[in-house]
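Residues per chain are reported as follows:
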Amino acid sequence: PRGVRSLAKPGMLAVSLISGSAYTLPSRARAPRMDAAVAKDAAFGASHTSFYTDAVAKASYETLGEVLEAKCADPELRSVLGTMFDGCGTITEALRKELVTVAEKQESVFGDVQLGVDVLADDLMWDICKTEPLIKEGASEEEPEVREMHADGKFCVCWDPLDGSSIVDNNWAVGTILGIWGAETGILGATGRDQKASLVALYGPRTTVFVTLDDGVYEFTYGANGVDGWLCSRDRIQISQESKIFAPANMRAAQDLPNYAKLIDYWMTNKYTLRYSGGLVPDICQQFTKRQGVFANPTSESSPAKLRLAFEAAPFGLLVEKAGGKTSDGVSGASILDTKITGIDQRTPLCIGSASEVDRFNLVLGLGK
């Protein structure tokens, strides 16, 4: 910059005063002019792989009640969904106020470290189950049992109260995952395809909920436009067959699975955009907002699968497949929705997202042969 005298000489390593990045000073005072085509290519990587939103503001937005009335024919399911949305709103308010600290009582039977916000969210979900007579059974990711709530209830609810506990202290996005089964199937012995509905709440700068309704997947935003409640911000979401966004989970497994390493290399070599935070909810929910993406979480001997079928994989599977995406169980290559839930703590690998990329996962990892 003018008025700043550099002590560096040509050929020396220097640090940019603007970006802070290191570079080697050219031996000539004036750098060669960049070819126009090269300059365009360089800009392409910065501006065309960010996948900014293309959402356009509407003159008006429908409320949650209006959409549920029109798009959820079952009045009892409609009531339960409304109650669950209320719970997600309450969790939102709690996350805005609570400090992230380790809970005084550690009650997770899985050995996971519980935070105060984990316990708060889980307690809220149990309170909902106890007070909502339509809920027959409830099960929490924090505990390995299905509990009866109301003997004559119509639905069985399975939830992960606050997925992403390991990153919530970073103030990164986390979420609540819910699967709803009918009392006629229950949870144990059923499959993800038996779900009556599923929803996922994403707590970030805004709170959004993605939910399956009769004719597709809808997004609702909490407290938007000065409204005290939920507005429908996206309707009948569709995930495209092709994708240029990838989220590779469990990368440790690539040390045991050369084909997974090969797949990751394919995505990188072909200049896919990496969008991975380590939080299951934001890493999959981006598929609904960007209308594309693939999330891969295989299993290996030294790095086994950690995702829970009932609490995480099945609810997300229903959402993604209802939005036109595809899933793989990571073993046979079949849909995750066809895997029977034989244990409440059952773990599973998973690939989920744009159909072509899930097919590529199955092909490269040699599944379904």
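The structure we're discussing is the one just above.
A. Here's a closer look at the packing of helix H3 (residues 75–97) against helix H4 (residues 116–131). Put simply, H3 and H4 touch, their axes get as near as 10 Å, and they point 155° apart. With respect to H4, the element H3 is oriented roughly antiparallel. Once H3 is placed against H4, the crossing between them reads as right-handed. Together, Thr83, Met84, Gly87, Thr90, Ile91, Ala94 and Leu95 of H3 and Val117, Leu120, Ala121, Leu124, Met125 and Ile128 of H4 make up the contact between the two elements. When its residues are assigned to classes, the contact of H3 with H4 shows ten nonpolar, three polar and no charged.

B. Structural detail: the packing of aromatic side chains. Tallied over the full model, the rule gives eight aromatic pairs. Where Phe85 meets Trp230, the ring centres are 5.1 Å apart and the plane angle is 85°; that geometry is what we call edge-to-face. Pair noted here: Phe85 is in helix H3 and Trp230 is in strand E10 (residues 230–234), with a separation of 145 residues, a long-range link. A residue is classified by how much of its surface remains accessible, and Phe85, at 1% relative accessible area, is buried. With centroids separated by 4.9 Å and ring planes inclined at 50°, the aromatic side chains of Tyr222 and Trp230 adopt a geometry described as tilted.

C. Examining helix H8 (residues 309–322) more closely. Among the 14 residues in H8, twelve count as buried, and that is most of the element. For H8, the complete set of buried residues consists of Leu309, Ala310, Phe311, Glu312, Ala313, Ala314, Pro315, Phe316, Gly317, Leu318, Leu319 and Val320. Gly324 sits one or two positions beyond H8 and adopts a positive phi of about 95°.

D. Representation of unusual backbone geometry within the structure. We note that Lys271 has phi near 60°; this positive angle belongs to a residue other than glycine. Among the structural elements, Lys271 can be located in the loop between helix H6 (258–269) and strand E12 (273–274). Assessed through its relative accessible area of 69%, Lys271 is described here as exposed. Even without being a glycine, Arg291 presents a positive backbone phi close to 60°. Positionally, Arg291 belongs in the loop between helix H7 (280–289) and strand E13 (294–297). By relative accessible area, which is 37% here, Arg291 ends up partly exposed.

E. Broad picture of the sheet that holds strand E6 (residues 174–182). As summarised here, the arrangement of the eight strands in space is E4-E3-E5-E6-E7-E8-E9-E10, forming an open sheet in which the pairing is mixed. Here the strands that pair on one side only, and so sit at the sheet edges, are strand E4 (147–148) and E10. The pairing of strand E3 (residues 135–140) with strand E5 (residues 155–163) spans five bridges and is parallel. Bridging across to E5, Glu137 finds its partner in Cys156.

F. Local environment of the pairing of E6. Within E6, nine of the nine residues are buried, leaving the element largely enclosed by the surrounding structure. Taking every second residue as pointing to the same face, both faces of E6 are buried, with Val174, Thr176, Leu178, Ile180 and Gly182 on one and Gly175, Ile177, Gly179 and Trp181 on the other. Note that E5 and E6 share seven bridges and pair antiparallel. Counterpart to Val157 in the pairing with E6 is Ile180. Pairing of E6 with strand E7 (residues 195–203) involves eight bridges; the strand directions are antiparallel. Each residue of the ladder has a partner; that of Thr176, found in E7, is Ala201.

G. The nonpolar core, seen in detail. Counting 41 residues, the largest nonpolar core has Leu81, Met84, Phe85, Leu199, Val211, Leu213 and Phe220 as its most contacted members. Setting aside its immediate chain neighbours within four residues, Met84 contacts Met125, Ile128, Ile135, Val157, Leu178 and Leu199. The next biggest cluster of nonpolar side chains, apart from the first, holds 38 residues, and it includes Val217, Leu280, Cys285 and Ile344.

H. Broad picture of the sheet that holds strand E14 (residues 326–328). An order of E12-E11-E13-E15-E14 is seen for the five strands of this open sheet, with the pairing classed as mixed. A single partner strand is all that each edge strand has here, and the edge strands are E12 and E14. Contacting strand E11 (245–248) and E13, H6 runs over the sheet at an angle of about 150° to E11. The strands touched by H8 are E14 and strand E15 (350–353); relative to E15, the strand with the most contacts, the crossing angle is about 30°.

Conventions used here
Residues numbered from 1 in each chain as written. Predicted model: local features only at pLDDT ≥ 70, side-chain atom pairs only at ≥ 80, totals over all residues. Heavy atoms only, no water. Axes fitted to C-alpha atoms, helices over the stretch in contact; angles between N-to-C directions. Helix = DSSP H or I, 4+ residues; strand = E, 2+ residues; numbered from the N terminus. Parallel < 35°, antiparallel > 145°, perpendicular 65-115°, else oblique. Left-handed = near helix turned anticlockwise from the far one by under 90°. Contact = heavy atoms within 4.5 Å. Nonpolar A, V, L, I, M, F, W, Y, C, P; charged D, E, K, R; others polar. Phe/Tyr/Trp six-rings, centres within 6.5 Å; stacked < 30°, edge-to-face > 60°. Buried < 20%, exposed > 50% of the residue type's maximum accessible area, 1.4 Å probe, protein only. Pairing = 2+ DSSP bridges. Core = buried A, V, L, I, M, F, W, Y, C linked by side-chain atoms within 4.5 Å.

Shape descriptors only; they carry no functional weight alone.
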